[in-house]
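# Architecture at a glance
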Amino acid sequence: MQRLRTGPGFYGLLLLAGLMTFVLHEGAHWAAAEALGYDGYFSLNRAGARGAVTDRHRLLIAAAGPAATIVQGVLAWALVQARGSRIAWAFLFQAAFMRLMATVITFWNPNDEARVGAQLGLGTWTLPIVVTAGLFALLALGSRRLRLGPAALGLSWLIASAGVTAIVFSGL
């Protein structure tokens, strides 16, 4: 297979995939809260349930976002492997990147996986590490399938960093 060609359109797609990844992830938290009968709230970087929430429901709501992101990553990887899809690769990259950034933030504020792991008695770091490592393993396989080189991966990293920064600090 030829090496994937990148350019402005590819990196614009990467930014759009990042935005859509946030919407899917936070939307899953909101949908879980609503499905459990709570008044859900939603923004690009935060979602959940208003009011008193049982521990079991808090666990389910917290797990919904990462579960959606994991499904996104697995489906995207499957499309990259089956069809060599650069669109799917952008969604795979963003799933892995988002969970890595959330894992790093856990040093200051536990992410979804850290809270779920702690509540399940698995410790704070088990689930964040497993989820991030799993998504990055899929990303490595997908990147190899598309023959993406270090320059494309590095530029993807910088663009995704700018996109995440914009979303997190936008207050939306």
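Up top you'll find the structure we're talking about.
Within every chain, residues take consecutive numbers counted from 1 along the sequence as written. Predicted model: local features are reported for residues with pLDDT of at least 70 only, side-chain atom pairs are reported and counted for 80 or more only, and whole-chain, interface and lining totals are derived from all residues. In computing side-chain values, all of the structure's heavy atoms are included and hydrogens and water are not.

## Focus: the overall build of the protein chain
Quick note on the threshold: The secondary structure listing takes helices from DSSP runs of H or I that are at least 4 residues long and strands from runs of E that are at least 2 residues long, numbered from the N terminus. Classification of residues uses two cut-offs on accessible area relative to the type maximum, computed with a 1.4 Å probe and protein chains only: under 20% is buried, over 50% is exposed, and between them is partly exposed. Note on contacts: a residue pair qualifies if any of its non-hydrogen atoms lie within 4.5 Å across the two residues. Note on areas: these come from Shrake-Rupley sampling with a 1.4 Å probe, and a residue is covered only by the protein chains present in the view. Counting rule applied: Lys, Arg positive; Asp, Glu negative; His and chain ends not counted. Charge positions come from single atoms, namely NZ of Lys, CZ of Arg, CG of Asp or CD of Glu.
When helices and strands are tallied, the protein chain shows 6 helices and 2 strands. On the principal axes, the C-alpha backbone points of the protein chain span a range of 55 × 30 × 30 Å. The buried share among the 172 residues of the protein chain stands at 45%. Across the protein chain, every contact between residues at least 6 apart in sequence was considered, and the portion connecting residues at least 24 apart equals 66%. Element-wise, carbon and sulfur atoms account for 68% of the exposed surface of the protein chain, whose accessible area totals about 8,900 Å². The averaged location of the 6 negative side-chain charges in the protein chain is 19 Å from the averaged location of its 13 positive side-chain charges.

## A few points about the side chain of threonine 106
Under the convention used in this document: Whenever two N or O atoms come within 3.5 Å, that pair is a polar contact, provided that in protein one can donate a hydrogen and the other can accept it, and provided that, for residues adjacent in sequence, both atoms are side-chain atoms.
In this structure, threonine 106 sits in the loop between helix H3 (86-105) and helix H4 (112-119). Looking at threonine 106, its side chain comes within polar contact range of the main-chain nitrogen of asparagine 111, at 3.0 Å. Sequence-distant contacts of threonine 106, defined by excluding residues within four places in its chain, comprise Asn111, Ala114, Thr124 and Trp125.

## Here's the deal with the pattern of salt bridges
Rules: What makes a salt bridge here is a side-chain nitrogen of Lys or Arg within 4 Å of a carboxyl oxygen of Asp or Glu, nothing more.
With the rule as written, the count across this model stands at 5 salt bridges. Ionic pairing is found between arginine 58 and aspartate 55, a salt bridge with its closest N-O pair at 2.8 Å. Placement of the pair is arginine 58 and aspartate 55 together in helix H2 (residues 55-83), with a separation of 3 residues, close to one helical turn. Aspartate 55 gets classed as exposed once you look at its relative accessible area, which sits at 51%. Taking the shortest distance from any N to any O, the salt bridge between glutamate 113 and arginine 99 comes out at 2.6 Å. With glutamate 113 in helix H4 and arginine 99 in helix H3, the pair connects residues that are 14 residues apart, well separated along the chain.

## Looking at the packing of aromatic side chains
Applied cut-off: Stacked, tilted and edge-to-face are the three classes assigned to paired rings of Phe, Tyr and Trp, where Trp is represented by its six-membered ring and a pair needs centres within 6.5 Å; plane angles under 30 degrees give stacked, over 60 edge-to-face, the rest tilted.
Applying the stated criterion across every chain yields a total of 7 aromatic pairs. Clustering of aromatic rings is evident, with ring pairs tying together Phe10, Tyr11, Trp89, Phe93, Phe97 and Trp157.

## Observations regarding the pairing of strand E2 (residues 46-50)
If a strand is regular, its side chains alternate between the two faces of the sheet. Quick note on the threshold: In short, DSSP must find at least two bridges between two strands for them to pair.
Summarising the sheet, strand E1 (residues 39-43) and E2 pair through 5 bridges and their orientation is antiparallel. Residue pairing across strands places phenylalanine 42 opposite alanine 47, the latter belonging to E2. Here E1 folds back onto E2 in antiparallel fashion, the turn holding 2 residues.

## Considering the layout of surface pockets
Just so we agree on the cut-off: Using protein atoms alone on a 1 Å grid, points that fit a 1.4 Å probe yet trap it form a cavity, whereas open point sets bounded by protein on both sides within 12 Å along at least five of seven lines form a pocket; residues with an atom within 4 Å of a point count as lining. Grid points are joined across faces, edges and corners, and a volume is the space filled by probe spheres set on the points. Each residue gets one label: Ala, Val, Leu, Ile, Met, Phe, Trp, Tyr, Cys and Pro are nonpolar, Asp, Glu, Lys and Arg are charged, and the others, such as Gly, are polar.
Taken as a whole, the largest pocket holds about 1,000 Å³ of empty space. Taken together, 33 residues line the largest pocket, and the ones lying closest to its centre are Glu26, Asn45, Arg46, Asn109 and Asp112. Where the lining of the largest pocket is concerned, the elements lending two or more residues are helix H1 (8-35), E1, E2, H2, H3, H4 and helix H6 (150-170). Looking at the lining of the largest pocket, its residues break down into 16 nonpolar, 11 polar and 6 charged.

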